[in-house]
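# A closer look at the structure
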Amino acid sequence: MMLPVYLGLLDGAEAALAASFRRIAEGHGDEPDVFHICHTLAKQCDAHRERFVSVIERYGRGEDDAPDRLHAEEITETRSGAVGLLRDLQDLYVLTKMVDATWVVVKQAALGLRDEELLVIVDECERQTNLQGEWIMTRIKQAAPQALLVAR
Amino acid sequence: MVDRIANIWGNRTPFEREGLWPVRVDQKLADGLTDADVDRWVQSACVLCSNGCGCDIAVKDGRMVGVRGRAADIVNHGRLGPKGLFASWQGVDNRDRLTRPLIRVDGELVETDWDTAMTRIVERSRALLDERGPLTHGFYTSGQLFLEEYYALGIVGKAGVGTPHMDGNTRLCTATAAAAMKESFGSDGQPGSYVDIDECDAIFLFGHNMAETQTVLWMRVLDRIAGPDRPLVVCVDPRETEVARHADVHLAVRPGTNLALMNGLVRELFEHGWIDEEYVREHTLGVDELKATVEQWTPEAVAEVCGIDPNDVRRAARIFGTSERVLSTVLQGFYQSHQATASACQVNNLHLLTGKLGRRGAGILQMNGQPTAQNTRECGADGDLPGFRNWENQDHVAELARLWKVHVDQIPHWAPPTHAMQIFRYAEQGSIELLWISATNPAVSMPQSPRIRRILAKEELFVVVQDLYLTETARLADVVLPAAGWGEKQGTYTNVNRTVHLSDKAIEPPGEARSDLDIFLDYARRMDFRNDEGQPLIDWSGPEDGFRAWQECSRGRPCDYTGLSYERLRGGSGIPWPCNDEHPDGTVRLYRDGQFPTEPDYCESYGHDLLTGASVPPQEYRAMRPDGRAFLKAAEHVPPHEEPSDDYPLRYTTGRTAYHFHTRTKTGRARQLNAAAPSAWLEMSTADAERLGIREGDVVSVRSPRGEIVVPARVGNVIEGTVFAPFHYGYWERDAVGPGEEPTAANELTLTEWDPVSKQPVFKIAAVRVQRVRDGNGPAPAPTTTASRPADADAVAPTRGVDAEVLELVGAAEPPRVATKEEHG
Ligand code: SF4
């Protein structure tokens, strides 16, 4: 069964996302909303992983032998300035979509298994991951015109 | 005669539930004058808070010499509060007024003529537009101008310049009221009415020190309390306010924990079955998610986080759940905290869950701070589109484009309007290069004032300020334009409960001062803004034409003004909108039928996630099929971002006093008010004072990670672990921009952070440390008549008035009724 591999992927992806939110928060601390909301969302990712512990206990955590292009890349550096913020947010957005898609994959498996406990977790976490992406997109839309047209 | 400094609320005129609030006409004339000396009385309404009390201005020899309440006005039934009585006219008729434009020459502001000043602005504006485009322009306006002025500014900014960077200081006072109504009901628009005070069985004041912020509204409550069937009162406030003293339950929550309390109150409604199942089914969406969100907030959990007694949570919820008619009011304690919108939405939820909305005595007043904040919101001067239109709805934008005869893409609607804090951030980063500030004083009123002063002082930023006085902010400007004040110009404005008033011109402005409307129109003319037909973009020249233009803009929208006119507003009372063919006499309450403006084609907003502020995508909104149902929105409580620490062990919160408005530019110039609260102070609890070795009046240093203030301490009635500072006290009396050696402005310490949905800054939560500096000269200058009263009443001489005798005439006329058949029926 490949499910444990995906559980491992998901757990790793949430960890990478949490770290990335924190990295972006610190890198753009002069934007107070980015700073605070990224920290709030990082905690949300931590909470997802915590809820996941019992699932991994039940199914195990597999390693992927395939060439691991699926692994979520953590953001380790940030750019500066208005355009830098825009690009960093875009990286972050891609990462949330990656996590989101992984939740969807796991959800399909949970449906097949009729694992109610897992389904409740997946539904809530997937909804939150989706919202994380929507927040980033909302912020990108706000920042884009100023950054691309007039920022110094 | 009554000393209305010592006795803020005047004599009682008790009345019973469903009775009519008796008339009491309050009048104040300049020393030595009597009625016989007054040449004429000119109709107006007070602009020193959001209550909007109808009044007449006394004129003698071309000057304003006093004021009296209008008996016929539905808002105040003749009454005025101390600010209206003393500051409305003395705060304008004053020798400190700016009378000529100023421009900066070699670093100094020097007098000049209008042509030179306006040319300077237009040249800079034109050059920036040509070189770098409209996003270089930011407009930061007020909650104190008139409707016609905001509408003109809205058109100039959106269709003329074409910038999304426009906001009002309403962002600091009332943005959350608007946001919470959009989230819950689909659009801005006050559901309730002041008449609900006359008819309720219980009144809940959430973070609303009504006794000081809207003194005349509080008189109405006091008169119900003094009547035969007083309503129960529940107060949420960390200070022992006058409201708290009259409360049946006082929930003195720690700053930063409002949402925990609200989630707990909502949970109690579910626990005890105090839910109107049918109303919830027919008229709301989202009850299951709401229930799940509040699940963990037992009274004990709330008590733990908020620092209150769990039984008080139960008692408050029981009052809400079991009283037939409940009125809630909400203000800065909620709006200026973190999670502001989520907390204010939970107030809406209490009413939606119990169906206590849109009927007699059952309503919500999401309050405003400033007098004309409502119009800033309606006319789009806060960045929103005029007429509560939805910037994400192409048809709404197209409607405006047709009305203004411009191409739809001229109106910025590609991203949310830029909120005030972000405008200042862009100015800080240098991408906004022209900032036009009208009728407000951000150098004192915005959070983290050292930073704001630094931004305004930037060499590269061209700052235009139009004001009555040389404020701290004006001192940092490149061009200062002298504006006409209240009583010196004509226009309309709308109070908290949608009541529209006309203010006629009583006297000429001093020197060369001009109305804000004339200034905006002059700029538009000089910039030669034109519509697609080649005609001037704004084809009106005076306030009454402007009002008519606005009426067209409001047609068919929730704030429909089409049934009003200057003529109808003259002579009698103000009239609450919507006023149109369907409601020819105005409207007492919205949502009587449980139908909310949430249809996707009609709503003002598709809503947001309350935790992060993420926008709900339009297609997702449609898929929910709201169809006139309200949203029961919720968010989990998260702790505030700045909590007490070893270095900064106390919670710091800021607010206002009954005697002052905003940064005191008017109230500080009324000697009665100035004497009552002449300078800044810090309030702290007896326990904290004892621990720190501080006695009443000792001078203390209050430090946060951002700055320091040094002020006398009032050992008072705030909860232990929290200190309070009034936000009014800047530096204009010292002819200075900033503090020098003795900082007093509460915002030296506040932090740059805002609610994710309403973008209202967090003024109520920070962490500080307090240290004794030296002995004071006697007690702190804080009033003893308000929430600032000393813990030890004998330690401080009571606040008394100086020339503060006011005539109160009870029963001079029959009480007015809101001019519709809806009231009391
Ligand atoms: S309550 Fe407000 S509007 Fe009324 S007199 Fe006082 S300050 Fe003016």
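Procedures and definitions
- Residues numbered from 1 in each chain as written.
- Chains lettered and ligands numbered in written order.
- Predicted model: local features only at pLDDT ≥ 70, side-chain atom pairs only at ≥ 80, totals over all residues.
- Heavy atoms only, no water.
- Near = heavy atom within 4 Å.
- Helix = DSSP H or I, 4+ residues; strand = E, 2+ residues; numbered from the N terminus.
- Nonpolar A, V, L, I, M, F, W, Y, C, P; charged D, E, K, R; others polar.
- Buried < 20%, exposed > 50% of the residue type's maximum accessible area, 1.4 Å probe, protein only.
- Contact = heavy atoms within 4.5 Å.
- Pairing = 2+ DSSP bridges.
- Axes fitted to C-alpha atoms, helices over the stretch in contact; angles between N-to-C directions.
- Domains from an automatic or database assignment.
- Buried area = accessible area lost by both parts, 1.4 Å probe.
- Salt bridge = Lys/Arg side-chain N within 4 Å of Asp/Glu carboxyl O.
- Polar contact = N/O pair within 3.5 Å; in protein donor to acceptor, adjacent residues only side chain to side chain.
- Parallel < 35°, antiparallel > 145°, perpendicular 65-115°, else oblique.
- Left-handed = near helix turned anticlockwise from the far one by under 90°.
- Patch = residues over 30% accessible without salt bridge, like charges linked within 9 Å, V, L, I, M, F, W, Y side chains within 5 Å.
- Areas by Shrake-Rupley, 256 points an atom, 1.4 Å probe, with all protein chains shown as cover.
- Core = buried A, V, L, I, M, F, W, Y, C linked by side-chain atoms within 4.5 Å.

All names here are of chain B. Neighbouring residues of the ligand: Cys-46, Leu-48, Cys-49, Asn-51, Gly-52, Cys-53, Leu-80, Gly-81, Lys-83, Gly-84, Thr-215 and Val-216. Listing elements by their share of the shell around the ligand, those giving two or more residues are helix H1 (82-90) and helix H8 (215-225). Each residue belonging to the shell around the ligand can be placed in one class, and the counts come to six nonpolar, five polar and one charged.

Residues and elements named next belong to chain B. Mapped onto the fold, Leu-537 is located in the loop between helix H22 (516-527) and helix H23 (543-554). Exposure remark for Leu-537: the relative accessible area of 9% places this residue in the buried category. Taking the C-alpha atoms as reference points, Leu-537 and Arg-525, twelve residues apart in sequence, are found 8.6 Å from one another. Ignoring anything within four residues of it in the chain, the contact list for Leu-537 reads Ile-155, Ala-159, Gly-160, Trp-404, Val-406, Phe-529, Arg-530 and Asn-531.

What follows covers the pairing of strand S10 (residues 202-206) of chain B. All names here are of chain B. In terms of burial, S10 is a largely internal element, five of the five residues being buried. Alternating residues of S10 divide into Ala-202, Phe-204 and Phe-206 and Ile-203 and Leu-205, and every residue in both groups is buried. In the sheet, S10 pairs with strand S11 (residues 232-236) via five bridges, with the strands oriented parallel. Within the sheet, the bridge partner assigned to Ala-202 lies in S11 and is Leu-232.

We now examine the sheet that holds strand S12 (residues 249-251) of chain B. Residue and element names in this part refer to chain B. Strand order in the open sheet made by the five strands is S12-S11-S10-S14-S15, with parallel pairing throughout. Pairing within the sheet leaves two strands with one partner each, and these edge strands are S12 and strand S15 (363-366). In this sheet, adjacent strand axes meet at a mean angle of 10° when their direction is disregarded.

Residue and element names in this part refer to chain B. Here chain B is partitioned into domain 1 (2-94 + 806-810), domain 2 (102-173 + 372-432 + 440-449 + 486-541), domain 3 (175-367) and domain 4 (650-791). A straight line from the C-alpha centre of domain 1 to that of domain 2 covers 31 Å. Contact residues are listed per partner, giving 23 residues for domain 1 and 15 residues for domain 2. Each partner contributes to the roughly 1,500 Å² buried at the junction of domain 1 and domain 2, and carbon and sulfur atoms together form 65% of this total. There are zero salt bridges connecting domain 1 and domain 2. Our enumeration of links across domain 1 and domain 2 arrives at ten residue pairs in polar contact (both at pLDDT 80 or more). Counting residues per element, the ones that place at least two in the side of domain 1 that touches domain 2 are strand S3 (40-45), strand S4 (54-60), strand S5 (63-69) and H1.

Now for the sheet that holds strand S8 (residues 137-141) of chain B. All names here are of chain B. Ordered in space as S7-S6-S18-S17-S16-S8-S9, the seven strands form an open sheet in which the pairing is mixed. Whereas interior strands pair on both sides, the edge strands pair on one side only; in this sheet they are strand S7 (108-111) and strand S9 (166-168). Neighbour-to-neighbour, the strand axes of this sheet turn through a mean angle of 20°, independent of strand direction. When strand S6 (residues 102-105) meets S7, the two strands line up antiparallel, connected through four bridges. Its bridge partner lying in S7, Arg-104 is registered against Leu-109. Strands in contact with H22 are S8, strand S16 (434-438), strand S17 (462-467) and strand S18 (479-482); relative to S16, the strand with the most contacts, it is inclined by about 155°.

All names here are of chain A. Direction vectors running N to C along helix H1 (residues 3-27) and helix H2 (residues 32-59) enclose 160°, while the axes themselves pass 8 Å from each other. Between H1 and H2, the angle is such that the two are roughly antiparallel. For the element pair H1 and H2, the recorded crossing hand is left-handed. Considering only residue class, the contact of H1 with H2 consists of 20 nonpolar, two polar and seven charged.

The next subject is the pattern of salt bridges. Evaluation of the coordinates by the stated rule reveals 83 salt bridges over all chains. Taking the shortest distance from any N to any O, the salt bridge between Arg-224 of chain B and Asp-229 of chain B comes out at 3.8 Å. Judged by its relative accessible area of 33%, Asp-229 of chain B is partly exposed. Across the salt bridge formed by Glu-708 of chain B and Arg-703 of chain B, the nearest N and O atoms sit 3.4 Å from each other. Under the relative-accessibility criterion, Glu-708 of chain B is labelled partly exposed at 23%. In the salt-bridge network here, residues are joined through shared partners; they are Glu-31, Asp-33 and Arg-139 of chain A together with Arg-425, Glu-428 and Arg-451 of chain B.

Here the focus is a nonpolar patch on the surface. Residues Val-83, Leu-148 and Leu-149 of chain A make up a contiguous nonpolar surface patch of about 290 Å² in total accessible area. Looking at the secondary structure, you find Leu-149 of chain A in helix H4 (residues 116-150).

Moving on, we come to the nonpolar core. One broad rule of soluble globular proteins: the nonpolar side chains tend to lie buried together. Residue and element names in this part refer to chain B. In this structure, Phe-206, Leu-261, Tyr-652, Leu-682 and Val-770 are the most contacted members of the largest nonpolar core, which totals 150 residues. At eight residues, helix H10 (residues 258-271) tops the list of elements feeding residues into this core. The residues touching Leu-682, leaving out its near neighbours within four places in the chain, are Tyr-652, Val-700, Val-702, Val-711, Pro-712, Ala-713, Arg-714, Val-723, Phe-724, Ala-725 and Val-770. Membership of the second largest hydrophobic core comes to 62 residues, among which are Ala-381, Val-464, Trp-540 and Tyr-561.

At the interface, 29 residues of chain B touch 25 residues of chain A. Both sides together, the interface formed by chain B and chain A hides about 2,300 Å², and carbon and sulfur atoms give 54% of it. Three residues, Arg-132, Leu-135 and Thr-612 of chain B, lead the burial of chain B against chain A; their summed loss comes to 21% of the area buried on that side. Linking chain B with chain A are one salt bridge. Put simply, Arg-425 of chain B and Glu-31 of chain A hold a salt bridge, and the shortest N to O gap is 2.8 Å. Our count for the chain B to chain A interface comes out at ten residue pairs in polar contact (both at pLDDT 80 or more). Ranked by residue count, the leading element in the side of chain B that touches chain A is helix H19 (residues 420-429) of chain B, at four residues. Residues belonging to the side of chain B that touches chain A are distributed by class as follows: eleven nonpolar, eleven polar and seven charged.

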